[in-house]
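Examining the three-dimensional arrangement
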Amino acid sequence: MRRVRVSSHLSPVHKLGDSQMKLTPKFRLAMTPSPLPYFPAPAMSKVSEEPAAESLPLIPGLPDDVALNCLLRLPVATHVSCRLVCRRWHRLLANKECFFSQRKALGFSDPWLFTLAFHRCTGKIQWQVLDLTHLSWHTIPAMPCRDRVCPRGFGCIAIPPDGTLLVCGGLVSDMDCPLHLVLKYEIHRNRWTVMSRMLTARSFFAGGVIDGRVYVAGGYSTDQFELDSAEALDPISGNWCPIASMGMNMASYDSAVFDGRLYVTEGCVWPFVSFPRGQVYDPKSNIWETMSVGMREGWTGSSVVISGHLFVISELERMRLKVYDPESNSWDAVDGASMPERIHKPLSVTAIGSKIVVVGRGLHVAIGQVDDEGFYRADGRTKKHKFAVRWREVDGLPEFSDLTPSSAQVLYA
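Right, let's walk through the structure included here. These numbers were taken from a predicted model, which means no experiment stands behind them.

Another point: the layout of surface pockets. In this structure, the largest pocket spans a volume of roughly 1,600 Å³. In terms of lining, the largest pocket is formed by 47 residues, of which the most central are D254, S255, S303, V349 and Q409. Within the residue set of the lining of the largest pocket, elements represented by two or more residues are β6 (154-159), β12 (206-210), β16 (254-258), β20 (301-306), β24 (348-352) and β30 (403-412). By volume, the second largest pocket is sized at about 330 Å³. At the level of elements, β22 (321-325), β23 (330-333) and β28 (383-384) are the ones that each hand at least two residues to the lining of the second largest pocket. At three residues, the largest contribution of residues to the lining of the second largest pocket is made by β22.

This part covers the pattern of salt bridges. Evaluation of the coordinates by the stated rule reveals twelve salt bridges. R120 is the salt-bridge partner of D402, the closest N and O atoms lying 3.4 Å from each other. In this pair, D402 is assigned in the loop between β29 (387-394) and β30 and R120 in the loop between β3 (111-119) and β4 (125-131), connecting sequence segments 282 residues apart. Here E226 and R277 are joined by a salt bridge, their closest N and O atoms 3.6 Å apart. Of the two residues, E226 sits in the loop between β13 (213-217) and β14 (230-233) while R277 sits in the loop between β17 (261-265) and β18 (278-282), which places them 51 residues apart along the sequence. Residue R277 is classed as partly exposed on the basis of its relative accessible area of 29%. Three or more residues joined by partner-sharing salt bridges are found here, namely E226, E266 and R277.

As a further point, take the pairing of strand β5 (residues 136-139). Bridge count for β4 against β5 is four bridges, and the pairing is antiparallel. If you follow V129 over to β5, its bridge partner there is H138. Taking the residues that link successive antiparallel strands as the turn, the β4-β5 hairpin has four residues, and the phi of L135 there is positive, at about 55°.

Take the sheet that holds strand β26 (residues 365-372) next. Taken in spatial order, the four strands make up an open sheet running β24-β25-β26-β29, and their pairing is antiparallel. Two strands in the sheet have a free side with no partner beyond their single neighbour: β24 and β29. Sheet twist, expressed as the mean angle between neighbouring strand axes with direction ignored, is 25°. Pairing between β24 and strand β25 (residues 355-359): five bridges, direction antiparallel. Within β25, the position partnered with A351 by the bridge is I356.

This part is about the state of the cysteines. Considering all chains together, one arrives at zero disulfides under this definition. Here C156 is not disulfide-linked; the sulfur of C168 is the nearest cysteine sulfur, at 8.1 Å.

Here we take up the nonpolar core. Core analysis: the largest hydrophobic core is formed by 38 residues, its most contacted members being F114, W127, M143, F154 and W192. Elements with a contribution of two residues or more to this core: α2 (64-71), α4 (87-93), α5 (96-105), β3, β4, β6, β7 (164-169) and β10 (182-186). Examining the composition of this core, we find that four residues originate from one element, β3, more than from any other. Beyond its immediate chain neighbours, meaning those up to four positions away, F154 contacts L116, I125, M143, V149, V167, C168, G169, G170 and L181.

Attention now moves to the environment of I140. For I140, the location among the structural elements is in the loop between β5 and β6. A residue is classified by how much of its surface remains accessible, and I140, at 11% relative accessible area, is buried. Residues I140 and N190 lie 50 residues apart in sequence; the distance between their C-alpha atoms is 7.0 Å. Among residues more than four places away in sequence, those in contact with I140 are F114, W127, V129, Y185, N190 and W192.

What follows is about empty space enclosed by the protein. Counted under the stated rule, the structure contains one cavity of 30 Å³ or more. Put simply, the largest cavity is a space of about 40 Å³. Surrounding the largest cavity, L72, R73, L74, R103, D110, W112, D131, T133 and H134 form its lining. Of the residues belonging to the lining of the largest cavity, the class tally is three nonpolar, two polar and four charged.

Cut-offs used in this document
- Residues numbered from 1 in each chain as written.
- Predicted model: local features only at pLDDT ≥ 70, side-chain atom pairs only at ≥ 80, totals over all residues.
- Heavy atoms only, no water.
- 1 Å grid on protein atoms, 1.4 Å probe; cavity = no way out; pocket = protein on both sides within 12 Å on 5 of 7 lines; lining within 4 Å.
- Points joined across faces, edges and corners; volume = space filled by probe spheres on them.
- Helix = DSSP H or I, 4+ residues; strand = E, 2+ residues; numbered from the N terminus.
- Salt bridge = Lys/Arg side-chain N within 4 Å of Asp/Glu carboxyl O.
- Buried < 20%, exposed > 50% of the residue type's maximum accessible area, 1.4 Å probe, protein only.
- Pairing = 2+ DSSP bridges.
- Axes fitted to C-alpha atoms, helices over the stretch in contact; angles between N-to-C directions.
- Disulfide = S-S within 2.5 Å.
- Core = buried A, V, L, I, M, F, W, Y, C linked by side-chain atoms within 4.5 Å.
- Contact = heavy atoms within 4.5 Å.
- Nonpolar A, V, L, I, M, F, W, Y, C, P; charged D, E, K, R; others polar.

Worth remembering: the numbers are spatial, not functional.
Right, here's the structure in full:
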């Protein structure tokens, strides 16, 4: 016979728009076994079990440091079953914070694809993570926010070497109310924390990281008015400070950090009643400049930067890949096939090394290997770039069929 004990504990739950964390009671059911009859046993039997279990090697025949190096390479999808091997394996693999902190200590640096997705019917948001080494999916703790937010209103900014992801701003979907919210996820701790709020509440804005400093600009304010303000996050103090105004009010369709500057475009809007606008911010001079005509008119999709070159997956040209040529101030088509047919819009795009990673509806993933097949000119010093791409697909899980991606970022751990 067992008794059921109801226990209560407090956990921080942040409500969007609040300046501080609030405590909300959460309840869980814990099974408490009934007292068993007492049978005398040798005094040292239980005490001796613990040291005996801890003295066993992680993997018989291997030193513990070598065994740990092996276990830290296990795919996350196998952790549930591997925890059953022994107590020491359970202690290492049952806690993701312990697992990833050990990986950090040993210098592991494998890529993980973090995708912010939402359910097409309910609008509920969730993060799904793809291990790009073993191509297996897993989840992370939910963001401490309400479900009635517009997923695309967030600004998601990754700091890959630190294993840190920032989710800034956002929009309360049923109120058109922008937010000051700033949440930070650390992969080595596997948890979310609330950071200092932005100076201005904003949604649908541009963002990027330059020399370890996070920049955000433009977007929508209350009542969907466009903003011209911009600000930066000081990585030392953790506080936001204003930077030069953009010089025009605009929301961001896409943005990229390229050649040490932040490029922001509002994109082409059907039926093309006006030319797209674009601004470029130089953090060294703290000055915004107007984007060149050739760049902003050809920027017709989602961008990534690979080896110092700006690429765009065009939404108007059968999702073909093209690259910006600064010399001619124009866009050149990239050789190779177009996007795989199963990758449907809306898309979220990011890059890892020389690869473009595209997440489509249902969280189907296409990974494009970009190669430079160019040649050196007659002087032997300058190169004429000519790029080509080869695609391969990674299927989303069946339970992802109703999910739509909103943002994709790569972190290393």
